[in-house]
Amino acid sequence: MDTAFAERRRRDLIVASVLAAIAATVPLFVKDVYVQNIMVLTLMWGALSQSWNILSGYCGQISLGHALYFGIGAYTTALLFTKFGVLPWFGMLGGGVISALIAMALGYPCFRLRGHYFVIATIVIAEIGLLLFHNWDWAGAAMGIEIPARGDSWLKFQFPRSKLPYFYFALVLACVAWFVTWWLEDSKWGYWWRAVKDNPEAAESLGVDVFNSKMGAAAVSAFLVAVGGSFYAQFVYFIDPESVMGFQFSLLMALPAVLGGIGTLWGPMLGAVILIPITELTRSYVGGSGRGVDLIVYGGLIIAISLVRPQGLIGLFSFKQLARLKQLARLFAPKRKEVAR
Amino acid sequence: MTAEAIIQSLASGLLMGLLYGLIAVGLALIFGLMDVVNFAHGEFLMIAMYATFFLFMFFAIDPLLSAPLVAAALFVFGAVVYLLIVRFAVRAKANAGMVQIFSTFGLAIVMRGLAQYFFTPDYRSVTHSWLGGKTVSVAGIFLPVPQLVGALIAIAAFGALYLFINRTDFGRALEATREDAGAVALVGIDKNKVFALGWGLGAALVGLSGAVMAIFFYIYPDVGASFALIAYVTVALGGFGSVFGAFAGGIVVGLVEATTALILPPSLKAVGIYAVYLLVVFIRPRGLFGSM
């Protein structure tokens, strides 16, 4: 492995630790519940998009059906808790495992498909899931499930009176999703995935197990997204099929990664940090009228970013850009440099 | 369940299927031409339905008469969308696929927002049109007239499209551009002009179907979403790149939907469509008539 890459990875890890530490202190200064809510959502969508990015960004298998795994995570936790009294922590784990298994079961036939046929298959499968939950009476059907709030408790992972525990859990989730991506980037899987994405035939001929590497990416990605879904159920106390499994969810999960930089380590989180606050703020300032102004702003933003920066916003923040800025600064202060020589 | 009931629902499934084909063919045309899936296709349908509705409300023009007007308006709209947005999206050097998906998806959201803003989220319907609510009995089978006329319009549109692609200069330019856009530029055809006209034509076809749909379907800002998904499945089922595939795909989708509704509760009828799509592509990964 070349040293520049190792250097970059070490730097990424340091930057991430510093950012996480800073993020952890933010609630000490920001007490406003509305702002805290936006921060929780930003971290959650960042984590979801980071997980989506593993299958769709790194491995190149564009899924627009990840709402399925999100919904399974949310439903597993909510159903186990309300029907059998199983603690959400086990529901979270269970939902993740079930999602990973389903992702592999679905991947088995789907990974033979290419391009748009694959994308539409993922949409259609999630839509079948949505319709089944819609008609599944035991799981609340279209009415959904309400999770009874019985006071603050880490055991039951519910805090009706405070956003802080949710904030820290979402932060941990985002860090885990980031770290898993970071770790996988330099593993055997990471190299396989990039090879599969660039040219599956060439990868196969060089001994990459194309099929199994897609299956691995799908399992990891689905597991993490389901944990996010499970968190979401605990966060909002109420889920119904549309609100956790709708097609919109799949697109919203992809969006931060696409805008930030698909298939990059930092893209999803950057996209979420920019996109989610803008979405939430426009929704509460101009969306209250119910007249769609928030949609116009939001859609316009998506068009603008995808046309102006097709490679994602991440390029604006690279170390190369930083070096370029330094060069620029040096241009404006040439005298001192000569003196130093 | 009597044989009559089965024939009855298959017949209405066939009519609906032809309409699905008409909705989908614009998508198939654009995809075949330049490999772009228009994620705002449902919203094109939505504004066509609104256009029909407002022409009816303000000028009392029956949807049957306004259909050509709506198609013409959508033609202009489609060409403008290509020139303002899609032209730049296909030029993207990185992530071309995602950029196309999300620039047209962004357009869909903007269009929905604009519809909510200007038309309000209220449900509208064209009441007392010439065909609305009428049925006709053919050999003991009752067929709703709007769907029947819609299906006839769909067949006529497919026929016209076939002649258009195969018999006119523009149609040949369209085919040639789809075969090899680079070579077409060499013989002096402006690729952008062909693409813009292709988008116009695709949008005009969805405009036509919107005018027919407006006769018997509620009109609201989100109406496009459900039909868009069926249109994607229709196109993929028929095979991307094949205009004839969209026609056949539409018929299959309509029949499958009707059959599923006989067996499963009505709210699950879309499951049949999706299941058949998966079954077809698992066996034949390029759809029924698609080329690889």
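Residues numbered from 1 in each chain as written. Chains lettered and ligands numbered in written order. Predicted model: local features only at pLDDT ≥ 70, side-chain atom pairs only at ≥ 80, totals over all residues.

(A) Geometry of the overall build of chain A. Each helix and strand counted, chain A has 15 helices and 2 strands in total. Dimensions along the principal axes, computed over C-alpha positions, put chain A at roughly 80 × 55 × 40 Å. Here chain A holds 341 residues, and the buried ones make up 47% of them. Across chain A, the fraction of contacts at a sequence separation of at least 24, relative to all contacts at a separation of at least 6, is 76%. (Helix = DSSP H or I, 4+ residues; strand = E, 2+ residues; numbered from the N terminus. Buried ≥ 20, exposed ≤ 12 C-beta atoms within 10 Å, placed from the backbone. Contact = placed C-beta atoms within 7 Å.)

(B) Structural view of the overall build of chain B. If you tally the helices and strands in chain B, you get 11 helices and 2 strands. The C-alpha atoms of chain B give 19 Å as radius of gyration, which agrees with the globular expectation for 292 residues (19 Å, within 12%). By its C-alpha atoms, chain B is 60 × 50 × 35 Å across when sized along the principal axes. Residue burial in chain B is summarised as follows: out of 292 residues, 53% are buried. (Rg over C-alpha atoms; globule rule 2.2 N^0.38 Å.)

(C) Inspection of helix H6 (residues 164-185) of chain A at higher detail. Residue and element names in this part refer to chain A. In this model H6 runs 31 Å from its N-terminal to its C-terminal C-alpha over 22 residues, within 8% of the 32 Å that 1.5 Å per residue would give. Those residues of H6 lying buried are Tyr166, Phe167, Ala170, Leu171, Leu173, Ala174, Cys175, Ala177, Trp178 and Thr181. Taken together, the buried residues of H6 touch helix H1 (3-29), helix H2 (33-58), helix H9 (210-236) and helix H12 (267-286). (Expected span 1.5 Å × (residues − 1).)

(D) Spotlight on the nonpolar core. Ala170 of chain A together with Val233 and Tyr277 of chain B are the most contacted members of the largest nonpolar core, which totals 208 residues. Contacts of Val233 of chain B, omitting those with residues within four sequence positions, involve Ile120 and Val124 of chain A together with Val253, Ile273, Tyr274 and Tyr277 of chain B. (Core = buried A, V, L, I, M, F, W, Y, C linked by C-beta atoms within 7 Å.)

(E) The interface of chain A and chain B, seen in detail. Listed per partner, the contact involves 34 residues of chain A and 40 residues of chain B. Breaking the side of chain A that touches chain B down by element, the ones donating at least two residues are helix H5 (115-134), helix H11 (247-260) and helix H13 (293-308) of chain A. Taken together, the residues of the side of chain A that touches chain B sort by class into 21 nonpolar, 9 polar and 4 charged. (Nonpolar A, V, L, I, M, F, W, Y, C, P; charged D, E, K, R; others polar.)

(F) Representation of the confidence of the model for chain A. Residues at a pLDDT of 70 or more form 91% of chain A, whose mean pLDDT is 85. Below pLDDT 50 for its whole length, residues 336-341 of chain A participates in 1 contact with residues either more than four positions away or in separate chains. (pLDDT = per-residue confidence, 0-100.)

(G) Structural detail: the pairing of strand S2 (residues 141-144) of chain B. All names here are of chain B. Pairing geometry for strand S1 (residues 135-138) and S2, over 4 bridges, is antiparallel. Among the inter-strand pairings, Thr135 is bridged to a residue of S2, identified as Pro144. Connecting the antiparallel pair S1 and S2 is a turn made up of 2 residues, with Ala139 showing a positive phi of about 50°. (Pairing = 2+ DSSP bridges.)

(H) Focus on helix H4 (residues 88-110) of chain A. Helix length check: H4 of chain A, at 23 residues, gives a terminal C-alpha distance of 31 Å against a target of 33 Å (1.5 Å per residue), a fit within 8%. For H4 of chain A, the set of buried residues is Pro88, Gly91, Met92, Gly95, Gly96, Ser99, Ala100, Ala103, Leu106, Gly107 and Cys110 of chain A.

(I) Region of interest: the environment of Ala142 of chain A. Residues and elements named next belong to chain A. Take Ala142: it is sitting in the loop between H5 and strand S1 (145-146). Counting along the chain gives 94 residues from Ala142 to Leu48, while the straight-line C-alpha distance between them is 25 Å. What Ala142 contacts, discounting residues up to four positions off in sequence, is His134, Asp240 and Pro241.

(J) Here's a closer look at the environment of Arg194 of chain A. Examined against the element boundaries, Arg194 of chain A turns out to sit in helix H7 (residues 188-198). Placed 134 residues apart in sequence, Arg194 of chain A and Gly60 of chain A show a C-alpha to C-alpha distance of 7.7 Å.

(K) Just the packing of H4 of chain A against H9 of chain A, in detail. Residues and elements named next belong to chain A. At a minimum axis separation of 7 Å, H4 and H9 run at an interaxial angle of 145°. When you trace H4 past H9, the crossing you get is right-handed. Contacts from Pro88, Gly91, Met92, Gly95, Gly96, Ser99, Ala100, Ile102, Ala103, Met104 and Gly107 in H4 reach Lys214, Met215, Ala218, Ala219, Ala222, Phe223, Val225, Ala226, Val227, Gly229, Ser230 and Gln234 in H9. Of the residues in the contact of H4 with H9, the class split is 14 nonpolar, 8 polar and 1 charged. (Axes fitted to C-alpha atoms, helices over the stretch in contact; angles between N-to-C directions. Left-handed = near helix turned anticlockwise from the far one by under 90°.)

(L) Structural view of the packing of helix H1 (residues 3-34) of chain B against helix H10 (residues 243-263) of chain B. Residue and element names in this part refer to chain B. Two elements in contact, H1 and H10, have axes whose closest approach is 6 Å; the angle formed by their N-to-C orientations is 145°. As H1 packs across H10, the resulting crossing turns out to be right-handed. Per-class residue counts for the contact of H1 with H10 are 19 nonpolar, 11 polar and 1 charged.

(M) Main features of unusual backbone geometry. Non-glycine residue Tyr237 of chain A carries a positive phi angle of around 65°. Position of Tyr237 of chain A relative to the elements: it lies in the loop between H9 and strand S2 (238-239). The phi angle at Asp35 of chain B is positive, at roughly 60°, despite the residue not being glycine. Here Asp35 of chain B lies in the loop between H1 and helix H2 (41-59). On the neighbour-count criterion, Asp35 of chain B (17 C-beta atoms within 10 Å) is partly exposed.

(N) Spatial organisation of the confidence of the model for chain B. Residue and element names in this part refer to chain B. A residue-level look at chain B finds 99% of positions with pLDDT of 70 or above and a mean pLDDT of 88. Per-residue pLDDT, averaged within each element of chain B, yields its smallest value for helix H7 (residues 181-186) (79) and its largest for H2 (95). For this predicted complex, the interface confidence comes out at an ipTM of 0.87, alongside a pTM of 0.88.

(O) Focus on the environment of Gly159 of chain B. Take Gly159 of chain B: it is sitting in helix H5 (residues 145-167). In this structure, the C-alpha to C-alpha distance between Gly159 of chain B and Asp35 of chain B, residues 124 residues apart in sequence, is 23 Å.

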